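# Architecture and fold: a report
The chain contents come next:
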Amino acid sequence: LQEGNIVIVGSGLIGRSWAMVFASGGFRVKLYDIVQEQVSTALEDIRKQMEELKKSEMLRGALSMEDQMALISGCTDLKYALHGAQYIQECVPENLDLKRKIFSELDLYVDDSTIISSSTSCLSPTSMFTGLQHVKNCIVAHPVNPPYYVPLVELVPHPQTEMATVERTYNLMKKVGQSPVKLMKEMDGFVLNRLQYAVISEAWRLVQDGVISPRDVDLVMSEGLGMRYAFLGPLETAHLNAEGFKSYCERYGEGIKRVLATFGPVPDFEGEVAEKIDQALWEDVRDKADQLKAGREYRNTCLSHLAKLKKEM
Ligand code: NAD
């Protein structure tokens, strides 16, 4: 068992996943939410997810399912939840006013050693943490959905975040089996979404210009680039495709610049192209909910197998 409690604020999709990740690492987890019913549903859902994981032998960590489940408790009393907390992971809806309200409340109750971390996907640390008494202990730890299978966590500091906060968060993430990366400074979209948006933007343009169908552009990723990217990043891929990265730039730099110059302006993400892509992605528009459910299950199964494979490599 690890020392110090982890507090999850907000027991939705991401809060539940974080609770399971920390419990798999042997931490005691308090799952806090404003509504009792929400907490009960979350605990039931976590048990169900863990049972599934156990059945498919995908449960993470060295502890048994029952031991992991016993580490997670729910509560609706914030002050009680924060007692003995070493690390808080905020997971409330993506709304700046709500997040600021919660951080100013946490600021009142925590002591100097507690880390306050946000799961935000796109709010900046400056907009959320500026003015807090414990700003040096505040950080963004942005997970990728679902964090149980996709280990990346982007750590983004506020300009006043202490180095020790970054290091402690980094070490905690490593301890529970996540893969943290450190951003040296704030950047809109952090890094994962900036890379993702570059890809979405070009996919949009290729469909718009009639170069390729939406289904085929997805295959280019899943059957092509994605095969490498699950193991090697774009920079190392380039490095290995020549005699090192510098040699890659010498060989291919001119060609890359020529192609990049044809990328054009930022797409508007509405209208005919949006309609065309949307239509292509539904198999049958009559049962959208079923398709989304099946698609997400497929995604999770694929990701869990990939996670297992990556561990074995
Ligand atoms: P969600 O809507 O599933 O869950 C939010 C939870 O917060 C709900 O259980 C709600 O009851 C609770 N809540 C609302 N107000 C509260 C309050 N005042 N105090 C305590 N709890 C409160 O949302 P989610 O998808 O889990 O997203 C949570 C955060 O994680 C967001 O900031 C989001 O940007 C980020 N995130 C989401 C994803 C994703 O794919 N869903 C990925 C990475 C990061």
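Since this is a predicted model, take the numbers as computed values, not measurements. (Residues numbered from 1 in each chain as written. Predicted model: local features only at pLDDT ≥ 70, side-chain atom pairs only at ≥ 80, totals over all residues. Heavy atoms only, no water.)

Next up on the list: the site of the ligand. Of all residues adjacent to the ligand, which total 23 residues, the nearest are Asp33, Gln38, Glu94, Lys99 and Ser121. Aspartate 33 places a side-chain nitrogen or oxygen 2.7 Å from an oxygen atom of the ligand. Interatomic distance of 2.5 Å between a side-chain N/O atom of lysine 99 and an oxygen atom of the ligand. Considering the ligand on its own, with 840 Å² of exposed area, one finds that the protein chains cover 78% of that surface. Those elements that place two or more of their residues in the shell around the ligand are helix 1 (13-24), helix 5 (96-109) and strand 6 (138-143). The biggest single contributor to the shell around the ligand is helix 5, with three residues. Class assignment of the residues belonging to the shell around the ligand gives a composition of 11 nonpolar, nine polar and three charged. (Near = heavy atom within 4 Å. Polar contact = N/O pair within 3.5 Å; in protein donor to acceptor, adjacent residues only side chain to side chain. Areas by Shrake-Rupley, 256 points an atom, 1.4 Å probe, with all protein chains shown as cover. Helix = DSSP H or I, 4+ residues; strand = E, 2+ residues; numbered from the N terminus. Nonpolar A, V, L, I, M, F, W, Y, C, P; charged D, E, K, R; others polar.)

A few words now on helix 8 (residues 192-208). The end-to-end C-alpha distance of helix 8, which contains 17 residues, comes to 24 Å, matching closely the 24 Å that a straight helix rising 1.5 Å per residue would cover. The set of residues buried in helix 8 consists of Asn193, Ser201, Glu202, Trp204, Arg205 and Val207. Buried residues along helix 8 sit in contact with strand 6, helix 9 (214-229) and helix 12 (272-281). Phi turns positive one or two residues past the end of helix 8, at glycine 210, with a value near 70°. (Expected span 1.5 Å × (residues − 1). Buried < 20%, exposed > 50% of the residue type's maximum accessible area, 1.4 Å probe, protein only. Contact = heavy atoms within 4.5 Å.)

We now examine the environment of alanine 70. On the secondary structure map, alanine 70 appears in helix 3 (residues 65-71). Residue classification places alanine 70 among the exposed residues on the basis of a relative accessible area of 65%. A sequence separation of 61 residues divides alanine 70 from valine 9, and the C-alpha atoms of the two residues are 19 Å apart.

On inspection of all chains with the given rule, the structure shows 12 salt bridges. When the shortest N-O distance is used, the salt bridge between glutamate 66 and arginine 47 registers 3.3 Å. With a gap of 19 residues between them, glutamate 66 in helix 3 and arginine 47 in helix 2 (residues 36-55) connect regions that are remote in the sequence. The exposure class of arginine 47 is partly exposed, given its relative accessible area of 32%. For the salt bridge of glutamate 52 with lysine 55, the shortest nitrogen-to-oxygen distance reads 3.8 Å. One end of the pair is glutamate 52 and the other is lysine 55, both in helix 2 and three residues apart, which spans about a single turn. (Salt bridge = Lys/Arg side-chain N within 4 Å of Asp/Glu carboxyl O.)

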